[in-house]
Amino acid sequence: VLNVAQYIADEVQKGTYTWEKDQENTLSGDGIHPNAVGARAYGSYMVEQLKTEPEKYLKKMNEVIAPEYSALGFKAPKLVSHRNGQYSGSWTNTTENIRFNDRVAIAEKAGDSVTYQFTGTAAGLYLMKYETRNGIVSYSIDGTDMGTIDDGTMGIAMPQYKRLAANLEYGVHTLTITLNQDGRFGIGYFCED
């Protein structure tokens, strides 16, 4: 672990950098996120540490932990673009969120549905949570009703992982998601294992 926060705090105390806006050595434009100066400061420190003390940070792994000890119970999870689903209804592909490579597939009308086929033992979604009009969806796997997704909102449009099923018998499965009522529901990726 590189303690970049301590390095930056020390450099600010020395006067090398400042948090004050509109200064040549300002680390951030909003007081939170690094600007170009901040990114260079953080990056330069990390590179220097890795060059001068690589043995401190780059350690050889000598033990492989069994995959079943994964925090989510997944063994080899992967994200699959929402574009791999079979959509019906009025889904749109939005450009509103840059956190997803292929952006987000959005449903807004009751009855909009998507079907996704995967091979494995578990499935989930990397989806959007919206400030208002968060849509409620039902989902099934292989025709069996598995419940709904209705987690409320997080205050702003933010990506969030949602596990839908685990410990399925290994094989080909079909996930179907349907919007229950008008609202907004966005899928960035399907997750499978």
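Residues numbered from 1 in each chain as written. Predicted model: local features only at pLDDT ≥ 70, side-chain atom pairs only at ≥ 80, totals over all residues. Heavy atoms only, no water.

Section: the packing of aromatic side chains
Inference 1: Tallied over the full model, the rule gives five aromatic pairs.
Inference 2: Taking the centre distance of 6.4 Å and the plane angle of 10° together, the rings of Tyr 116 and Phe 118 count as stacked. By the burial criterion, Tyr 116 is buried, and Phe 118 matches it.
Inference 3: Taking the centre distance of 6.2 Å and the plane angle of 25° together, the rings of Tyr 126 and Tyr 189 count as stacked. Here Tyr 126 is found in strand S6 (residues 123-129), whereas its partner Tyr 189 is found in strand S11 (residues 185-192), with 63 residues between them in sequence.
Inference 4: Residue classification places Tyr 126 among the partly exposed positions, given a relative accessible area of 24%.
Inference 5: With a relative accessible area of 11%, Tyr 189 lands in the buried category.
Inference 6: In textbook terms, an aromatic cluster arises when at least three aromatic residues are bridged by ring pairs, as seen for Tyr 116, Phe 118 and Phe 190. (Phe/Tyr/Trp six-rings, centres within 6.5 Å; stacked < 30°, edge-to-face > 60°. Buried < 20%, exposed > 50% of the residue type's maximum accessible area, 1.4 Å probe, protein only. Helix = DSSP H or I, 4+ residues; strand = E, 2+ residues; numbered from the N terminus.)

A short note on helix H2 (residues 36-52)
Inference 1: Along its 17 residues, H2 runs 24 Å from first to last C-alpha, staying within 8% of the 24 Å computed at 1.5 Å per residue.
Inference 2: Regarding H2, the residues found buried are Val 37, Gly 38, Ala 41, Tyr 45 and Gln 49. Buried positions in H2, seen along its axis, are confined to an arc of 105° and lie on one side of it. Looking at H2, the residues exposed on the side facing more than 90 degrees away from the buried face are Arg 40 and Lys 51.
Inference 3: The backbone nitrogen of Val 37 lies 3.0 Å from a side-chain oxygen of the residue at the head of H2, namely Asn 35. (Expected span 1.5 Å × (residues − 1). Arc of directions from axis to C-beta. Polar contact = N/O pair within 3.5 Å; in protein donor to acceptor, adjacent residues only side chain to side chain.)

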